[in-house]
Amino acid sequence: MGCNRPAEALFTRQNVLRGIEPRENPTMSIHIVALGSECPGVVGPGEEGPMGQGQLQGGLLWSYLGQGAVVGPHDLENSLHHPAFMEYTSQVFGDVSVVVRDCPSWDLLDSDWASVRSVLEQADILVIKYSVNDKLAFQQVRNGYAPRLRPLLRHWGVPVILVAVGARLHDEGPPCTCPLCASDWSSCVPHSEGLQLSRDLGATYLELPSLNHVFVGRYFGSVLEFFMIQCLKQKAKERPDKRRVNKVNEPQPPHLEQPARLPPIRVEESSFSQDMQWLLERGVQFADVAFFAGDSGKELGWAHAAVLCAVSPYFRQLLLGPKSRERPQSRCICRERDGGPHSLLSTWDGGIIDDMPRPDGHTVGRLSRLVVKDPLLCLCLWETLMFLYRGAWEWDHLQEALVEKLKNTLAVAQLMERIRSFVGMDKASRETPSARAAVLGPQTLVSLFNSPLYSDVIFMVQGNVLPAHRAVLVARCDVMAAMFSGKYAEARSRVVPIHGVSSDTFLSFLEYLYTDTCCPASVLQAMAVLVCAEMYQVKRLQHLCEVCVCAYLQSMPSRELASTGISVIRLLRRAKCHNAEQLYVWLLHFIANNYLIFSHKADFLELSEEERDHVERLRWPSRGYLQELSEYQQRRRKLRKSRCTVM
């Protein structure tokens, strides 16, 4: 940076007072290792992305070193060169060489950990950077890489600087705190989370709103120069001959292996679209909308008013009528582009009919009959309904189906335009990619969740009323399908009591059925939803809850894990009791990796003999390492006593 020259003059005037002789050792150097990127969305160093040569010259350490920085491997002795690290050197404090190894991609720690460790062992100062506007990358560092670096940094005693770069772009409303919720991946990293990470790593925390000369020179430069001065003072005290004697005579500490990797929790892909497709194809028992051809009066198919109203505002206008907030001017669902009077759909004269038999023999309590007047829509009604039920976002598949059915490009274009009107897309945004994905599959039923709109069942949980829709429940949950379709009391009753589950837990369970998402607020809430999911045999929700529990526990620092009131041993018991096999195995490995914390707790004795043997076999650190460490400390004490005797 441009402001490091005054720091050089300051060092020249004051280094004698500090006890440092800069010209006593002309080859004195400082090794700085930088991990992470100050820019959001940076790819690996070998790929095309924003972190190229231009980005390097605009980076934090490059800005500090200024015009004197030279890119390329240095020629110092006993140095290691790794192609994934971008290396550059410069001179500071007159004749002190600064060697910087910068690695913007954290993926290298997974692919080549041995080489990264060898580079870190040479570091005199470690700088960890991240962008405050890339929360996903920050969470990966905090949850995945920081736990691996923490024991090494404490063992080496290397000073660490954690730098948060960038001005926060404030989103609308508070961000979601759920570790699985994708809605806050693009939000900012708050100050408290960065400060907590620095405490976990024992680092000095800095926030730089921008990389100008004021923030880089005055704030970052002052902290970095302080650590460089401390490093030079330490190196000046050690004569080369003394260091060689120490390497030969002093005992070497034992090597601590990394803890075993925790097993991953596998979650099935979402089946929401397939479930809704099944509802359209086979859920006619709960259908309450019938379509008829306008010219012949022939029955075209059956559908569910709740789903149609949730997906399409025009169906909401047509079926709800005066009850809808969006009051239509007429009973037509939509019109031609030229505004002519030809309507596509309208209600049957006579309105709603009671107790009309379905094709399967069951009767409908209240049936809405719709007349399809448009011949194209009448011909392709099934494809249109399938598109709406699967989430109203697979436009390419819909177009292919219409082309195969109509064999007419102009007719396909006209019908596609009318279907876009069904989902409420205005003319200005119909062809944009964002508009095509405006309604994503599981989000189509958000308006139905905990809503009395077309509700045909009420759950009573701890005195609370939770409205729901049998069609959605049957499509999404096999136990619910058997309960409402068989000869059970629930199939004939509108009010269904639920026992053994709290109101909040059952509401979270219903939220997953409607939205395909799970956002428990704590470990205990996640375990409660897991038990409910196991009760109703919803495997994917059970696995999502397992991921939530693992994410919450893994994000806890060691001090919090040791003092928390949550019993991991009891979580292990509940996971085994409720068939959460993946969580059970993960918790065993988690207890083994944090053996020194959990072995001192009273509930550790609740483990079975088989579980305790498994934990002892995987424990970290191992018994062998602790034995070697004890012998090393004894040798060190004997060596100190012998030196005192000689003196």
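Small disclaimer: the values here were computed from a predicted structure and weren't measured.

1. Topic: the sheet that holds strand 14 (residues 495-498)
So, step 1. A sheet is described by the order of its strands in space; here 3 strands give the open sequence 13-12-14, paired in mixed fashion. In this open sheet, the two strands that pair with only one neighbour each are strand 13 (464-468) and strand 14. Strand-to-strand, the axes of this sheet are offset by a mean angle of 30°, without reference to chain direction.
So, step 2. By the bridge criterion, 5 bridges tie strand 12 (residues 457-461) to strand 13 in an arrangement that is antiparallel. In the strand pairing of strand 13, Val457 is matched with Ala468.

2. Describing a positive patch on the surface
So, step 1. A surface patch of like charges, here positive, comprises Arg637, Lys638, Arg640 and Lys641.
So, step 2. As for its position among the elements, Arg637 is in helix 29 (residues 623-646).
So, step 3. Look at Arg637 and you get partly exposed, because its relative accessible area is 46%.

3. Observations concerning the sheet that holds strand 2 (residues 70-71)
So, step 1. Pairing is mixed in the open sheet, where 7 strands are placed in the order 2-3-4-1-5-6-7. The two strands at the open ends of the sheet, each matched to only one other strand, are strand 2 and strand 7 (204-208).
So, step 2. As paired elements, strand 2 and strand 3 (residues 86-92) share 2 bridges and run antiparallel to each other. Paired with Val71 across the two strands is Tyr88, which belongs to strand 3.
So, step 3. Strands strand 5 (125-131), strand 6 (160-165) and strand 7 of the sheet are contacted by helix 7 (residues 191-201), whose axis makes an angle of about 150° with strand 7.

4. Some details on helix 26 (residues 581-593)
So, step 1. Counted at 1.5 Å a residue, the expected span for helix 26 with its 13 residues is 18 Å, and the 19 Å between its end C-alpha atoms agrees.
So, step 2. Within helix 26, 10 of the 13 residues are buried, leaving the element largely enclosed by the surrounding structure.
So, step 3. Looking at helix 26, one finds that the buried residues are Leu583, Tyr584, Trp586, Leu587, Leu588, His589, Phe590, Ile591, Ala592 and Asn593.
So, step 4. Looking at the buried positions of helix 26, the neighbouring elements they touch are helix 22 (523-535), helix 23 (539-554), helix 24 (558-563), helix 25 (568-577), helix 27 (595-598) and helix 28 (609-618).

Conventions and cut-offs
Residues numbered from 1 in each chain as written. Predicted model: local features only at pLDDT ≥ 70, side-chain atom pairs only at ≥ 80, totals over all residues. Heavy atoms only, no water. Pairing = 2+ DSSP bridges. Helix = DSSP H or I, 4+ residues; strand = E, 2+ residues; numbered from the N terminus. Axes fitted to C-alpha atoms, helices over the stretch in contact; angles between N-to-C directions. Patch = residues over 30% accessible without salt bridge, like charges linked within 9 Å, V, L, I, M, F, W, Y side chains within 5 Å. Areas by Shrake-Rupley, 256 points an atom, 1.4 Å probe, with all protein chains shown as cover. Salt bridge = Lys/Arg side-chain N within 4 Å of Asp/Glu carboxyl O. Lys, Arg positive; Asp, Glu negative; His and termini not counted. Charge placed at Lys NZ, Arg CZ, Asp CG, Glu CD. Buried < 20%, exposed > 50% of the residue type's maximum accessible area, 1.4 Å probe, protein only. Contact = heavy atoms within 4.5 Å. Expected span 1.5 Å × (residues − 1).

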